[in-house]
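# Understanding the architecture of this molecule
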Amino acid sequence: MEIKKFVTGPIENNVFLLIGGNRREAIIIDPGFESESVLNFITKRKIELIYIINTHGHIDHIFCNNYFKKQTGARIVFPEAERDFLKTVYNQAQFFGIRNMDPIVPDIFVNEGDIIEVDDWKIRFILTPGHTPGGMSLITDKGVFVGDTIFAGSIGRTDLPGGSYTTLIKSIKEKILCMPDDTILFPGHGPETKVGWERMHNPFLNDDTIIIPEF
């Protein structure tokens, strides 16, 4: 599996394209603001986009869902536990001054433990709520795509509607930090990191410290 990262939009979102080795099938993860340019790469490489997968329902991670579905026919995969959160998309768009955003209508809803197969590899979904009520992370043999659950040296913000600091810390400790130290984490913003480094150095995961992240 080949991983391509594109940093797009005003909030510098990480948009990931995962490309298989056999039939050149691919998925895109969290195509947010200004990620239309990724289609140029897909077209030049003659890649078939199979799925559009979202880790959670914040608009900066789903804004281009409909664009990629229309252009490629790929199916939208969305967390079942985040289904009700889709109702907030209109209000989120209004906050960013976007007046005419069409509703996001997923084709597939996934739950904890579900597996999707693409080309010669698999993606397994785990629930990692806290940043949003039903966010998920994607486990692959190359690492874990964690959305805004955890960042390098930080965690996702929890002061937005539906966020919970306690729930997020629980998710990270019980679902992410239990993985091997060398597991690579691919966050929705910023650089990649590893489980072992975060376990040792992330100040938000110190039991004696409560810090509210700015991002």
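Up top you'll find the structure we're talking about.
Presented here is a report on the structure given in the accompanying data block. Note that the coordinates shown come from a computational prediction; the quantities given were computed from them, not determined experimentally. (Residues numbered from 1 in each chain as written. Predicted model: local features only at pLDDT ≥ 70, side-chain atom pairs only at ≥ 80, totals over all residues. Heavy atoms only, no water.)

With that settled, the discussion passes to the overall build of the chain. Secondary structure assignment for the chain yields six helices and 14 strands. Relative to its length of 215 residues, the chain is compact, with a C-alpha radius of gyration of 16 Å against a globular reference of 17 Å. When its C-alpha atoms are laid out on the principal axes, the chain stretches across 50 × 40 × 30 Å. The 215 residues of the chain split such that 53% are buried. Taking all contacts inside the chain whose residues are at least 6 apart in sequence as the whole, residues at least 24 apart take part in 61%. Total accessible area on the chain stands at roughly 10,100 Å², and carbon and sulfur atoms take up 51% of it. Looking at the chain, you have 22 positive and 29 negative side-chain charges, and the mean spots of the two groups are 5 Å apart. (Helix = DSSP H or I, 4+ residues; strand = E, 2+ residues; numbered from the N terminus. Rg over C-alpha atoms; globule rule 2.2 N^0.38 Å. Buried < 20%, exposed > 50% of the residue type's maximum accessible area, 1.4 Å probe, protein only. Contact = heavy atoms within 4.5 Å. Areas by Shrake-Rupley, 256 points an atom, 1.4 Å probe, with all protein chains shown as cover. Lys, Arg positive; Asp, Glu negative; His and termini not counted. Charge placed at Lys NZ, Arg CZ, Asp CG, Glu CD.)

What follows is about the pairing of strand 9 (residues 136-140). Looking along a regular strand, one sees the side chains alternate between the two faces of the sheet. The buried count for strand 9 comes to five of five residues, which makes it a mostly enclosed element. Residues of strand 9 alternate between two faces, with M136, L138 and T140 on one and S137 and I139 on the opposite face, all of them buried. Bridge count for strand 8 (residues 121-127) against strand 9 is four bridges, and the pairing is antiparallel. Across the sheet, residue R124 finds its bridge partner in strand 9, namely I139. Taken together, the three bridges between strand 9 and strand 10 (residues 143-147) define a ladder with antiparallel strand orientation. Across the sheet, residue I139 finds its bridge partner in strand 10, namely V144. Between the antiparallel neighbours strand 9 and strand 10 lie two residues. (Pairing = 2+ DSSP bridges.)

Its identity as a non-glycine residue notwithstanding, D30 has a phi of 55°, on the positive side. Assignment of secondary structure puts D30 in the loop between strand 3 (25-29) and helix 1 (38-44). For E34, which is not a glycine, the phi torsion comes out positive at approximately 60°.

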